[in-house]
Amino acid sequence: MKKSSLQLIRVLIGAVIGFTAALAARKIMSGNISSGAPGREPALTFSSVGPPLVHPSETAPKALPALEDFRKMTALAKVNLAASLGSLTPIHREVFLKECAVWPEPESTQMLQLLLSRWAETDPGAAADWAFSHLEGRALDCFKDIAQIWAARDGQGLAAWARTALNKPDFPFAQGILVRTPRILERFNPVAMAEFLEMDCCQGFSNNGFNFSNSLRTPEAVKAMASKLPGHVEYISDREELNRQLAGKSPNPRNRPSKNGWNALFEQTAVALHGLSPEDCGAWLAAFPENAQLVARHEIAKAAAPAPQSRQ
Amino acid sequence: MSASDPNLTEFVRNGSEQAFARLLERHMGLVYATARRVLGAAREDAAADVAQTVFCQLAGQARRLPADLVVSVWLHAQARRAALNVIRSESRRAARERTAAELMQQNAPDDPAEMNAALMPHIDSALAELSKTDQRALALRFFEQCPFQEMGERLGLSPDAARKRLTRALETLRARLSRRGVTLSAAALTLWLTDESVRAAPASVTAATLSAALPAAAAATTGAGGGGLFSFLTIMSGTKFLMLGAAIGLVSGGLWVGLAGDSSSPVASNSSAASPSPAPPSAPGGSGAAVAQRFAVPSPAATAEGLLAQFQEIIGAPDTELNRLRLKAWLEQMPADLWKPLVALADASFSDVEKRKFWDLASQWAKVDPEAAMLSFLKTSGQPSHWLGNEIRTVSFGGSLAINVFRVWYEDTPDKAGDWLLKHQNDPQWAEMLPGAIRVIGEKLAASSPTDNLAWAARLEGDELRTAAMEAVWSNLSREEGKSDWSNVCTSLLKAEDREFGNMALRKALRAWISVEANGEPGFAPAERWMASLSSPRDRREAAELILSNVMQPRPQFNSLQQPDKALAELLASGPETASREAARLITEAGPLQSGASDWLLPLLQGPERDPAILHAARLLADGDERVRFTNPLAANPNPAAALAWAVELSDPAVRDPLIRDLLGKQLTERSTAGQSADAVVDWIEKTSLAPEVRAVLRTSLKEFQALSKP
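Residue numbers run consecutively from 1 along every chain, following the written order of its sequence. To read the labels, note that chains go from A and ligands from 1, taken in the order they are written. Given that the model is predicted, a residue must reach a pLDDT of at least 70 before its local features are reported, and side-chain atom pairs must reach 80 or more before they are shown or counted; all residues, however, enter totals for whole chains, interfaces and linings.

### Side note on the overall build of chain B
Argument step 1. Each helix is a run of H or I in the DSSP string that is no shorter than four residues. Each strand is a run of E no shorter than two, and both are numbered from the N terminus. In terms of helices and strands, chain B carries 36 helices and two strands.
Argument step 2. Every one of the 711 residues in chain B was classed for burial, and the buried ones make up 33%.
Argument step 3. Here the contacts in chain B between residues at least 6 apart in sequence split such that 62% fall between residues at least 24 apart. Once C-beta atoms are placed from the backbone, each residue is buried if 20 or more other C-beta atoms lie within 10 Å of its own, exposed if 12 or fewer, and partly exposed for counts between those two. Throughout, a pair of residues is in contact if the C-beta atoms placed from their backbones lie within 7 Å.

Below you can see the structure in the form of structure tokens.
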């Protein structure tokens, strides 16, 4: 074959390849092939019955959005961005975190929270450690997001991490962690909270009341919680002092009969169980010490006559 | 050839892999041992590499080797040479690294963390600006850790050309960074890239990379039409012509689809709109459905009850930034007519804790229909009330939400919101939120220009609204950087055409000004200097009266021992009668009264104004003013001791003596406020300069009281 013919053939082959590539590109851009690119918002229609879903992209962004672009994003675009952040490689995540850490507020903390909470879905301990070693004053804001995700999935893991953190000498965020961790566990994993409060690191924790309503919403949840409590409840044995406290005549109004989270959980579970079935509740209470039964009945009676102003 | 080794002969003739394996097995010990001797016992890895290199050379050169070659001798020589090359290469690299390290020490910031901090924000954007060729060279060298040989192969260059390409890329990157203010030597940059690009790469990275790369590689293989096309293209050595053809194809293909696309796009968009949404793909960290659920933003339901259920579902999720964004996205979709029923239902059924999310509602509804939002929120219930501003005002939960709506509205369209406020300033249905809304505007205007703020305040009606409008001005001026503007603001108020507004505002301004003590001097001192600088006697007099009236007002930070001498002198300059009259007027108009004011006001009083003014002052101090409990606790409590100091100056015994007895009794009993012990009172009676008849009244009253109080 002559050389010029060979060259012509090569040019023709190249042209065919190029033409095919152009067609493929057009097909992708027209949406027939899902590109999965972040930032492209799905159409939202109000007439639809089901919820329109933001499609989490499998493609992680190659670079952090420019600050100005981030500022202009709608909330939906930011939710989309958060969806795509789950695929970041550790190196990219590190670079993103460091870049947005120097943004001005409030964008900086917002972006940090999105990045760290996505990280927390796979490795919450690493995300929390990163926050406390890099973010100083903003670390606790980010920790709140991380800890909520963590507590919802693995309350005991969060409690163990918090214990390690609280036992670090001169850890500047100890008080913040001590205040936040039980509050977050209280909402998502009361048993983990009760166990956490029994740890030596929580000696300095003071509390004016717990609210486990989030974990006692359904009959199944109440019954499951009730089954976990025997063996953990312990009230003061001095009957007279207990009566004084129940009557609100204790010298120190903060000296509640609840010695810890277990007792508070017991009281609220008793109220919830009584609401479901007084008979079942009576049978369940019989397994507890007499002074515990006394407190539980006191709480049940109080709940039956709520304060007039309360709308809870 | 007829090599001395039959295995090599067979390999050359038939390409027998088994023959080569036997050859390798036979001589591997020799080659490996030679390399190990040259490299040292500690370099077993490198020795293995040398052995591999040598046998590769043997395979590559077998056909060209002489017929009488003694394989073992050739292998020994090659092994020794390769090992020596390794040593030379490593010593050269070590020398380069030493040099680079030295250069880095000279150029780099002392602290590696500082260097990281300098480079991190810029490195990726600078890399992105490089040409693709430079990016590829840097990526191969630093991210893939390729030696120059491999770099050259992958870039289609010789190793030397690859090295030069890398040097140029580094230099370009350094220049880009330099433009961003990050100055580093190429050596320092090289070392940083070498270190940083591989530093944070734990095993999880490898796993993640593999999981990402393998499917992509598989797709690339199949997408390219399999091995057939790939082989065909490989065979095509004339890459220039292939590239030319590809370029022609791309251009022509682009033109064709561009033309076709114009006519077909409506169809495409229609079909896209008509087709149902594709199922969400799975994403890392969970199943597709679970991930989709986490990022789902429901569209508002058609009924208010449905809305409420969605709202409760969203706010029941963990309170993370992501879920706050989900809520915001949901609210952004809310049709205008659904806001009102949602808020009404939520107000009726939500607990106070849940109502905290009304803040999000307020911010979003403000963008849709601010007036309706304000009106609805004003009607909502909820605890607690909120403090508002410096003055003592509280506003209900609903009122604070309405103010927040106004804030968003004003930030969005300030002219429209400002006009609305001026128009509705006398409408009682907005009364609760008006001061707060006015503060919103005041804060914005005061930040840019205090005089603009004051001009705007003058357009409002009534002292309460005007005061709310100006609070931000005083707050800003009280800060360190604004102090120099006090005199300008006060002068402009002195010259305001609307004298009613000017006087009111100037009084407020001076009150705020003299509350700021600085450099150990009382707060009124700079105000007095400003007064003295005024050229018009009338202005000075007016300013003096305002200063005095403000100094008379008790405040915790005010030092009562100091006298406003310049203001007093200005008042006295108008003549003793006028001064007395003005002093009496100041006292009767004072409201709360500074307890030490007797020291400098009493000498001014004379004639018929004297006794009424003194009596008024004594009663003010004796009673206190409960209305100012929160803003001015000093004036809120009765102060019988200070009242007594005034009462003893009364000239009419019929008025004076009963008052003295009354005040003395209060002084001795009200120990919780300003009461004193009997000894202290006796001490005061004996040491204070008093008229003899007054002293006698005091002694008698004291004895009577002590006799009465004995058990």
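From this point, the discussion proceeds with the structure in view.
### Notes on the overall build of chain A
Argument step 1. When you go through chain A residue by residue, the secondary structure sums to 14 helices and zero strands.
Argument step 2. Starting at the N terminus and walking to the C terminus, you meet the elements of chain A as α-α-α-α-α-α-α-α-α-α-α-α-α-α.
Argument step 3. Taken over 312 residues, chain A has a buried fraction of 39%.
Argument step 4. A sequence separation of at least 24 residues applies to 64% of the contacts in chain A between residues at least 6 apart.

### What to know about the environment of B:Leu24
Argument step 1. Along the chain, B:Leu24 turns up in helix α2 (residues 17-39).
Argument step 2. With 34 residues separating them along the chain, B:Leu24 and B:Leu58 place their C-alpha atoms 9.9 Å apart.

### So, the packing of helix α5 (residues 107-122) of chain A against helix α7 (residues 139-166) of chain A
All names here are of chain A.
Argument step 1. Fitting a line to C-alpha atoms yields each axis, with helices limited to the stretch in contact; the angle taken between N-to-C directions then spans 0 to 180 degrees. The geometry of α5 relative to α7 is characterised by a closest axis approach of 9 Å and an angle of 25 degrees between their N-to-C directions. In terms of orientation, α5 lies roughly parallel with respect to α7. Of the two elements, α5 crosses α7, and the hand of that crossing is right-handed. In this structure, α5 contributes Thr109, Leu112, Gln113, Leu116, Ser117, Ala120 and Glu121 to the contact, and α7 contributes Asp141, Cys142, Asp145, Ile146, Ile149 and Trp150.
Argument step 2. When residues are grouped by polarity, Ala, Val, Leu, Ile, Met, Phe, Trp, Tyr, Cys and Pro land in nonpolar, Asp, Glu, Lys and Arg in charged, and all others, Gly among them, in polar. Class assignment for the residues of the contact of α5 with α7 results in seven nonpolar, three polar and three charged. When describing relative orientation, an angle under 35 degrees is termed roughly parallel and one over 145 degrees roughly antiparallel, while 65 to 115 degrees is termed roughly perpendicular and anything else oblique. Helix crossings fall into two classes, left-handed where the near helix is turned counterclockwise from the far one by less than a right angle and right-handed where it is turned clockwise.

### Considerations on the packing of α7(A) against helix α9 (residues 190-197) of chain A
Residue and element names in this part refer to chain A.
Argument step 1. Their axes nearest at 8 Å, the elements α7 and α9 cross at an angle of 25 degrees. One element, α7, and the other, α9, form an angle in the roughly parallel class. In the crossing of α7 with α9, the sense of the turn from one axis to the other is right-handed. The residues of α9 that touch α7, namely those facing Gly155, Gln156, Ala159 and Ala162, are Ala192, Glu195 and Phe196.
Argument step 2. Classifying every residue of the contact of α7 with α9 by side-chain character gives four nonpolar, two polar and one charged.

### What to know about helix α4 (residues 90-101) of chain A
Argument step 1. End to end, α4(A) covers 16 Å across 12 residues, agreeing with the expected 16 Å (1.5 Å per residue, within 8%).
Argument step 2. All of the buried residues in α4(A) are A:Arg93, A:Val95, A:Phe96, A:Leu97, A:Glu99 and A:Cys100. The length a helix should cover is 1.5 Å for every residue beyond the first.

### Some words on the nonpolar core
Argument step 1. We define a nonpolar core as a collection of buried residues of the types Ala, Val, Leu, Ile, Met, Phe, Trp, Tyr and Cys that are connected via C-beta atoms lying within 7 Å of each other. By size, the foremost hydrophobic cluster in this structure holds 193 residues, and its most contacted members are A:Ala131, A:Ile146, B:Val405, B:Phe406, B:Ala509, B:Ile547 and B:Ala647.
Argument step 2. Residue contributions to this core peak at 14 residues, all from α7(A).
Argument step 3. Counting residues in hydrophobic clusters, the runner-up holds 14 residues, among them B:Leu39, B:Val50, B:Ala51 and B:Ala82.

### Some points on the confidence of the model for chain B
Residues and elements named next belong to chain B.
Argument step 1. Scored from 0 to 100, pLDDT records how confident the predictor is in each individual residue. Mean pLDDT over chain B: 73, with 72% of residues reaching 70 or higher.
Argument step 2. Counted against residues more than four places away or in other chains, residues 103-110, with its pLDDT under 50, gives 16 contacts.
Argument step 3. Low pLDDT, under 50, characterises residues 254-286; the stretch is placed with 36 contacts to residues that sit more than four places away or in other chains.
Argument step 4. Overall fold confidence for the complex sits at a pTM of 0.50, while the interface term, ipTM, reaches 0.71.

### Concerning the environment of B:Leu30
Residues and elements named next belong to chain B.
Argument step 1. Mapped onto the elements, Leu30 comes out in helix α2.
Argument step 2. Taking C-alpha positions, Leu30 is 7.0 Å from His76, a pair spaced 46 residues apart along the chain.
Argument step 3. When near neighbours in sequence (up to four residues on either side) are disregarded, Leu30 contacts Ser72, Leu75 and His76.

### Structural notes on the confidence of the model for chain A
Argument step 1. Confidence along chain A averages 75 in pLDDT terms, with 71% of residues attaining 70 or more.
Argument step 2. Mean pLDDT per element in chain A: helix α1 (residues 3-29) of chain A is the minimum at 60, and α5(A) is the maximum at 91.

### Some points on the environment of A:Ala303
Argument step 1. Examined against the element boundaries, A:Ala303 turns out to sit in helix α14 (residues 290-304).
Argument step 2. Each C-alpha atom of the pair A:Ala303 and A:Val271 lies 7.1 Å from the other, and the pair is 32 residues apart in sequence.

### A word on unusual backbone geometry
All names here are of chain A.
Argument step 1. Between Glu105 and the following residue, Pro106, the backbone shows a cis peptide bond with an omega angle of 5 degrees.
Argument step 2. By the element assignment, Pro106 lies in the loop between α4 and α5.
Argument step 3. One non-glycine residue, Asp170, lies in the positive phi region at around 55 degrees.
Argument step 4. Here Asp170 lies in the loop between α7 and α8 (174-188).

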